[in-house]
Amino acid sequence: MYPRNQLIKFFIICLMLSLVSACDSGAPTPADKPESDDRTFKHSIFSFGTLIEISIYGVDLQTAERAFEQLEMDFRYMHVTWHPWQRSALSRDNKLIATTEWFSDAPSVRPLIEIAKELAVKSDHLFNPAIGKLIYLWGFKNAEHETGIPPAATDIEKLVVLNPRMDDLELREIQMRSNNPAVLIDLGGFAKGYGINRSMETLKTMGINHAVINAGGDLKVIGRHGNRPWRIGIRHPRIADQVLAYVEVEGEESVFTSGDYERYFIYQDKRYHHIIDPRTGYPANGSQSVTVIHADAALADAAATALFVAGPSDWQRVAQSMGIEDVLLVDANGELHMTESMRKKIQLPGNQPSAKNSSIKSTQAD
Ligand code: ADP
Ligand code: MG
């Protein structure tokens, strides 16, 4: 979530923003100030290492401005609180976790730890935020990983053998301890989803019933865009300016994608990306991208990461155990796999190049 190249990310984000129908007055530009677009107000915030665009529909400018101000403060707080490496409430927890003693853990982090423990179990530990040391070892915390080289196999193996898991954390009242000093919590796999859930609740308490919060293509919607649903574009994992599929969502829905194109480096012609298979300690190699739709953005975010790791042969089992119905997975060969319910929701643009080399596998998760 802390990108190597802000410029590339910025252009990708602009693409994603242009795919949301909230922007139907033409190509949107990130705005410093809220601007009216036929009663759609938009505002961008830089947080979680990405540009977050908030679109609000069906309220007056004053309400929208109040909401933008509130969310700006909230996202700033969430970013500094849940940062795994910089000075933060989470990094303090991480230091104390390493002692394996009981300690009073940060109340601002506890709800995420509790949810992450549950999601880790449901995902059969393929979603495993306890592998922060592996993520650190791979260098995906710093800005220079495009020139990176893979870590030594022996260093990876040492961490994999120690098997850090969310189960290693014991919680009692206001205290926590880890049975395993190898645990280092990195919430990068789902903090954005959790934060978006919280922010959407804030918007609702302000009387806002129609909105999109879009964090670099991972987004949650509520309500409708006027008299029609919100129309979302899902990025092609290999063609930067290409839409893989469109989906129309309304009510309360989140669309989250994990991809191997987000943060990666190439070493000796091989792509090494930031989604790590906890069983091997290496980047998961069966998928190019996984998109999940679910009302709960934290669950959708964690599930996209877990199903990416599960890959084309195992995603259905993990989707079922996580309670996910809508999945679109692009495997390492560019083939599409999806649940029946996802197939009913998405439209594939007919003339896109991916159609030539992708066959469609449509399968039911449950
Ligand atoms: P993004 O945040 O780029 O949209 P993801 O939601 O897939 O993508 O999160 C990837 C991030 O999650 C990584 O940068 C890392 O911080 C963390 N991570 C990597 N592998 C795992 C894993 N197996 N389980 C949980 N978190 C992971
Ligand atoms: Mg995720």
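Here is a short report on the structure shown in this document. Every chain's residues receive numbers from 1 upward, in the order its sequence appears when written. The order in which chains are written sets their letters, starting at A; the order in which ligands are written sets their numbers, starting at 1. This being a predicted model, a pLDDT of at least 70 is required before a residue's local features are given, and a value of 80 or more before pairs of side-chain atoms are given or counted; all residues contribute to the totals for chains, interfaces and linings. No hydrogens and no water enter the side-chain calculation; it runs on all heavy atoms of the structure.

## Some points on the coordination of the magnesium ion (ligand 2)
- Donor atoms: N, O and S within 2.8 Å of the metal, or within 3.2 Å for Na, K and Ca. Because water is excluded, sites can look incomplete. Taken together, Gly189 (O), Asp301 (O), Asp301 (OD) and Thr305 (OG1) make up the protein donors of the magnesium ion (ligand 2), found 2.1 to 2.5 Å from the metal.
- Every donor residue of the magnesium ion (ligand 2) comes from the same chain, spaced as G-x111-D-x3-T. Remark: Asp301 occurs in helix H8 (residues 297–310) and Gly189 occurs in the loop between strand E6 (175–178) and helix H7 (191–205); sequence separation between them is 112 residues. Comment: elements are numbered from the N terminus, with helices defined as DSSP H or I runs of at least four residues and strands as E runs of at least two.

## Description of helix H2 (residues 61–81)
- Under the convention used throughout, the expected extent of a helix is 1.5 Å for every residue step, that is, one less than its residue count. Along its 21 residues, H2 runs 30 Å from first to last C-alpha, staying within 8% of the 30 Å computed at 1.5 Å per residue.
- Only protein chains enter the accessibility calculation, which uses a 1.4 Å probe. A residue is then buried if its area is under 20% of the maximum for its type, exposed if over 50%, and partly exposed in between. Among the residues of H2, Thr63, Ala64, Ala67, Phe68, Leu71, Phe75, Met78 and Thr81 are the ones counted as buried. One side of H2 holds all its buried residues, which, seen down the axis, span an arc of 160 degrees. More than 90 degrees from the buried face of H2, the exposed residues found are Gln62, Glu69 and Arg76.
- When checking whether two residues touch, look at their non-hydrogen atoms; a contact exists if any pair is within 4.5 Å. Considering only its buried residues, H2 is in contact with strand E2 (40–47), strand E3 (50–57), helix H3 (89–97), H7 and strand E7 (210–215). Picture the helix axis, draw a direction to every C-beta atom, and the arc is the one those directions span.

## Thoughts on the sheet that holds strand E17 (residues 346–347)
- Strand order across the open sheet formed by 3 strands is E9-E10-E17, with antiparallel pairing between neighbours. In this open sheet, the two strands that pair with only one neighbour each are strand E9 (230–235) and E17.
- We call two strands paired when DSSP finds no fewer than two bridges between them. Direction of pairing for strand E10 (residues 243–249) relative to E17: antiparallel, over a ladder of 2 bridges. What sits directly across from Val247, in E17, is Ile346.

## Digging into unusual backbone geometry
- Positioned with a positive phi, Thr100 is a non-glycine residue whose angle comes to about 60 degrees.
- Mapped onto the secondary structure, Thr100 falls in the loop between H3 and strand E4 (103–104).
- Its relative accessible area of 24% is what places Thr100 among the partly exposed residues.
- Positive phi, close to 65 degrees, is recorded for His125, a residue that is not glycine.
- Looking at where His125 falls in the secondary structure, it is placed in the loop between helix H4 (110–122) and helix H5 (132–137).
- Overall, His125 belongs to the buried group, its relative accessible area being 9%.

## A word on the packing of aromatic side chains
- Only the six-membered ring of Trp is used, alongside the rings of Phe and Tyr, when aromatic pairs are assigned; centres must lie within 6.5 Å, and planes under 30 degrees apart are stacked while those over 60 apart are edge-to-face, with the rest tilted. Applying the stated rule across the entire model yields 9 aromatic pairs.
- For the pair Trp82 and Tyr194, a centre-to-centre distance of 5.5 Å together with 70 degrees between the ring planes defines the contact as edge-to-face. One end of the pair, Trp82, is in the loop between H2 and H3; the other, Tyr194, is in helix H7, and 112 residues separate them in sequence. Residue Trp82 shares its accessibility class with Tyr194, and that shared class is buried.
- Above the face of the Tyr246 ring, Arg231 is positioned so that its terminal group lies 4.0 Å from the ring centre.
- Should the NZ of a Lys or the CZ of an Arg lie within 6 Å of a ring centre and within 35 degrees of the ring normal, that charge is described as sitting over the ring. Over the ring of Tyr272 we find Lys270; its NZ or CZ atom is 5.4 Å from the centre of that ring.

## Considerations on the sheet that holds strand E5 (residues 169–172)
- Judged by pairing direction, the sheet is antiparallel, and its 3 strands sit side by side in the order E4-E6-E5 without closing on themselves. A strand with exactly one partner marks an edge of an open sheet, and here the two such strands are E4 and E5.
- Pairing geometry for E4 and E6, over 2 bridges, is antiparallel. Residue Ser104 lies in a different strand from E6, and its bridge partner there is Gln175.
- To obtain each axis, a line is fitted to C-alpha atoms, and for helices this fit is confined to the stretch in contact; angles are then taken between N-to-C directions over 0 to 180 degrees. Here H4 sits on the sheet in contact with E5 and E6, set at roughly 125 degrees to E5.

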